[in-house]
Amino acid sequence: MPVSVESILASLQQAEQPLRTPAMRSIAMAAAKELRQSRADAESVFTLCDDLIELDELHDAARTVAFEIAYRHRGLRDALDVQKLERLGRTLDGWASVDHFARKLSGPAWQRNQISDEHVLAWTRSEGFWWQRVGLVSTIALNERHLGKGDAARTLAICELFIDDRRDLHVKALSWALRELGQRDPVPVQEFIEQHRDRLASKIIREVQNKLTTGHKMAKPSEAMQRRMQARART
C-alpha cells in the first residue's frame with residue numbers, strides 16, 4: 001500500500017497503545033524509506049506531512065510522524081524554507097511538539113542556512129509563546145556534535161533576548177541552550193554567565209555552572225548518568 005495519510009493513520013491505530021515515541025518513530029522511518037524508494041519529490045512529501053498535521057484523530061501522534069518524515073526525507077529536509085517551516089509548525093501547542101520541531105526541523109534548517117538569522121529572531125520576538133521557544137531551542141542544532149560545529153555568536157545573540165524572561169519553559173530552554181553551547185565552546189558561555197549573573201535566573205546559573213564543571217546539569221549526577229557519561233568519554 002503506497003504511503004498516504006490513511007496508511008499512516010492505520011499504522012498508528014494498529015500500534016500498541018498508548019503510543020510511545022519509539023513506535024511513532026518506527027512508523028515514520030518506514031514511511032520515509034518507502035517514500036525514498038518510490039522517489040517521491042519534496043513537494044509531494046510536504047503535502048503528505050501537511051495533511052497529517054491537519055488530522056483530528058490521533059493529532060499529536062500524526063504530527064510527530066509528520067515531523068519525523070520531514071526530517072528523514074532528504075529532499076524535503078533540504079527544501080525547508082521559512083514558509084514551509086511555519087506551515088508545518090502552525091499547530092505547535094506544547095513543549096514536546098516545539099522541541100521536536102526545533103531540534104529536527106527549524107534548528108537544522110537554520111544551521112544549513114536555509115533560513116536566516118532574521119527569521120529566527122522574528123520568532124523569538126513574536127507574540128506567540130511557542131514560537132518564541134522555537135527560536136530559542138533552534139540554537140541547539142548550531143551546537144550539537146552531529147550537526148553544527150558550534151556557533152557562539154548566533155547562539156548567544158538569541159540567548160540574550162531571554163535573559164530577563166522568568167517563564168518556566170523559557171528559563172529551562174535558555175539553560176539548555178547555554179549548556180549545549182558550553183559543551184562545544186565553554187569560554188563564551190562562562191563569560192555570558194558572569195556578564196549577566198545579576199539578571200539570569202538562579203536555576204540557569206546553577207545548571208550551566210554544574211554542566212561546565214561536572215558534565216551534568218545536576219550537582220551530583222545519578223549513578224546511571226555517571227555510567228553514561230563514562231561510556232561517552234571512552235568512545
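Residues numbered from 1 in each chain as written. Predicted model: local features only at pLDDT ≥ 70, side-chain atom pairs only at ≥ 80, totals over all residues. Heavy atoms only, no water.

Caption draft 1: The side chain of Thr-64, seen in detail. By the secondary structure assignment, Thr-64 is in helix H4 (residues 59-72). For Thr-64, a relative accessible area of 19% translates into the label buried. Residue contacts for Thr-64: discarding those within four places in its chain leaves Met-24 and His-100. (Helix = DSSP H or I, 4+ residues; strand = E, 2+ residues; numbered from the N terminus. Buried < 20%, exposed > 50% of the residue type's maximum accessible area, 1.4 Å probe, protein only. Contact = heavy atoms within 4.5 Å.)

Caption draft 2: Layout of the pattern of salt bridges. Under the defined criterion, the tally for this structure stands at 20 salt bridges. The shortest N-O distance in the salt bridge between Arg-133 and Asp-99 comes to 2.9 Å. Residue Arg-133 is found in helix H9 (residues 129-137), and its partner Asp-99 is found in helix H7 (residues 95-111); the two are separated by 34 residues along the sequence. Salt-bridge contacts for Glu-144 lead to Arg-103; the nearest nitrogen and oxygen are separated by 2.2 Å. Taken as a pair, Glu-144 in the loop between helix H10 (140-143) and helix H11 (152-159) and Arg-103 in helix H7 lie far apart in primary sequence, 41 residues in all. A residue is classified by how much of its surface remains accessible, and Glu-144, at 7% relative accessible area, is buried. One network of salt bridges, with partners in common, ties together Arg-25, Glu-68, Arg-72 and Lys-104. (Salt bridge = Lys/Arg side-chain N within 4 Å of Asp/Glu carboxyl O.)

Caption draft 3: Region of interest: the nonpolar core. Formed by 71 residues in total, the largest nonpolar core has its most connected members in Ile-8, Leu-52, Ile-69, Leu-88 and Leu-178. In this structure, Leu-88 is in contact with Phe-46, Cys-49, Asp-50, Ile-53, Phe-67, Ala-70, Leu-80, Phe-101 and Leu-105, ignoring residues within four places of it in sequence. (Core = buried A, V, L, I, M, F, W, Y, C linked by side-chain atoms within 4.5 Å.)

Caption draft 4: Geometry of the environment of Ala-66. Its location among the elements puts Ala-66 in helix H4. Setting aside anything within four residues of it in sequence, one finds Ala-66 in contact with Cys-49, Leu-52 and Ile-53.

Caption draft 5: Fine view of the packing of helix H2 (residues 21-37) against H4. The interhelical angle for the contact between H2 and H4, taken along N-to-C directions, is 45 degrees, at an axis separation of 8 Å. It follows that H2 is oblique to H4 by the angle criterion. When you trace H2 past H4, the crossing you get is right-handed. Contacts from Met-24, Arg-25, Ala-28, Met-29, Ala-31, Ala-32, Leu-35 and Arg-36 of H2 reach H4 at Ala-61, Thr-64, Val-65, Glu-68, Ile-69 and Arg-72. Class assignment for the residues of the contact of H2 with H4 results in nine nonpolar, one polar and four charged. (Axes fitted to C-alpha atoms, helices over the stretch in contact; angles between N-to-C directions. Parallel < 35°, antiparallel > 145°, perpendicular 65-115°, else oblique. Left-handed = near helix turned anticlockwise from the far one by under 90°. Nonpolar A, V, L, I, M, F, W, Y, C, P; charged D, E, K, R; others polar.)

Caption draft 6: Region of interest: the layout of surface pockets. By volume, the second largest pocket is sized at about 440 Å³. Thr-21, Arg-25, Ala-96, Asp-99 and His-100 are, among the 21 residues lining the second largest pocket, the residues nearest its centre. Secondary-structure elements contributing two or more residues to the lining of the second largest pocket are H2, H4 and H7. When residues of the lining of the second largest pocket are assigned to their parent elements, the largest contribution, eight residues, is made by H7. Residues of the lining of the second largest pocket, tallied by class, amount to seven nonpolar, five polar and nine charged. (1 Å grid on protein atoms, 1.4 Å probe; cavity = no way out; pocket = protein on both sides within 12 Å on 5 of 7 lines; lining within 4 Å. Points joined across faces, edges and corners; volume = space filled by probe spheres on them.)

Caption draft 7: Inspection of the environment of Ala-201 at higher detail. You can see Ala-201 is positioned in the loop between helix H13 (186-195) and helix H14 (202-214). A sequence separation of 33 residues divides Ala-201 from Asp-168, and the C-alpha atoms of the two residues are 9.9 Å apart. Excluding its chain neighbours within four sequence positions, the residues that come into contact with Ala-201 are Arg-166 and Val-171.

Caption draft 8: Representation of unusual backbone geometry. Backbone torsion omega between Gln-17 and Pro-18 reads -5 degrees, so that peptide bond is classified as cis. By the element assignment, Pro-18 lies in the loop between helix H1 (5-14) and H2. Phi angles above zero are rare outside glycine, and Asn-113 is one such case at about 65 degrees. Here Asn-113 lies in the loop between H7 and helix H8 (117-124).

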